[in-house]
Amino acid sequence: QVQLVEPGGGLVQAGGSLRLSCAASGSIFGINFMGWYRQAPGKQRELVAAVTSSGSTNYADSVKGRFTISRDNAKNTVYLQMNSLKPEDTAVYYCNVVRINTDYWGQGTQVTVSS
């Protein structure tokens, strides 16, 4: 089992920045994929950004150039630096890791961007 703890989130004005973090514990050996998803009210959950154990990254088109995902393997932690935030970035953000083909999810953290 993998446990994920994701503090952070909050309320920020448009144009501002936030950094999310997600720390993994438990059976962490073999974690490959670490990423962030988000779900806005009335919308499906979508992938925001992901990073593999080799450092390859992937971003949703809507966040390219504004968000940066990074991973500290020594701390088993993944970060999402969010800059130039827009009201449409408002959502619950979920940390996700994949270990041996099994998905694990964080509890979610609310990010609200005011206009």
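Residues numbered from 1 in each chain as written. Predicted model: local features only at pLDDT ≥ 70, side-chain atom pairs only at ≥ 80, totals over all residues. Heavy atoms only, no water.

### Observations concerning unusual backbone geometry
Next up, step 1: Even without a glycine there, the phi angle at Ser-84 is positive, about 50 degrees.
Next up, step 2: Looking at the secondary structure, you find Ser-84 in the loop between strand E8 (77-82) and strand E9 (91-99).
Next up, step 3: Taking relative accessible area as the criterion, Ser-84 reaches 40% and is therefore assigned partly exposed.
Next up, step 4: Although it is not a glycine, Ile-100 adopts a positive phi angle of roughly 50 degrees.
Next up, step 5: Take Ile-100: it is sitting in the loop between E9 and strand E10 (102-105). (Helix = DSSP H or I, 4+ residues; strand = E, 2+ residues; numbered from the N terminus. Buried < 20%, exposed > 50% of the residue type's maximum accessible area, 1.4 Å probe, protein only.)

### Let's talk about the state of the cysteines
Next up, step 1: Per the stated rule, a full pass over the model turns up one disulfide.
Next up, step 2: Each sulfur of the disulfide joining Cys-22 and Cys-95 lies 2.1 Å from the other. Between Cys-22 and Cys-95, the S-S torsion sits near -80 degrees, and that sign places the bridge as left-handed. One end of the pair, Cys-22, is in strand E3 (residues 18-26); the other, Cys-95, is in strand E9, and 73 residues separate them in sequence.
Next up, step 3: Judged by relative accessible area, Cys-95 falls into the buried class, the value being 0%. (Disulfide = S-S within 2.5 Å.)

### So, the side chain of Arg-99
Next up, step 1: Looking at where Arg-99 falls in the secondary structure, it is placed in strand E9.
Next up, step 2: No salt bridge forms around the buried Arg-99; measuring N to O, its nearest opposite-charge neighbour Asp-103 is 12 Å away.
Next up, step 3: Within polar-contact distance, the side chain of Arg-99 engages the backbone oxygen of Ser-27 at 2.8 Å.
Next up, step 4: When neighbours within four sequence positions are excluded, Arg-99 is seen to be in contact with Val-2, Ser-27, Ile-28, Phe-29, Gly-30, Ile-31 and Tyr-104. (Lys, Arg positive; Asp, Glu negative; His and termini not counted. Salt bridge = Lys/Arg side-chain N within 4 Å of Asp/Glu carboxyl O. Polar contact = N/O pair within 3.5 Å; in protein donor to acceptor, adjacent residues only side chain to side chain. Contact = heavy atoms within 4.5 Å.)

### Examining the nonpolar core
Next up, step 1: Grouped together as the largest cluster of nonpolar side chains are 30 residues, with contacts concentrated most on Trp-36, Leu-80, Met-82 and Tyr-93.
Next up, step 2: Of all the secondary-structure elements, those providing two or more residues to this core are strand E1 (2-5), E3, strand E4 (31-39), strand E5 (46-51), strand E7 (67-72), E8, E9 and strand E11 (109-114).
Next up, step 3: Residue contacts for Leu-80: discarding those within four places in its chain leaves Leu-18, Arg-19, Leu-20, Trp-36, Val-48, Ala-49, Phe-67, Thr-68, Ile-69 and Tyr-93. (Core = buried A, V, L, I, M, F, W, Y, C linked by side-chain atoms within 4.5 Å.)

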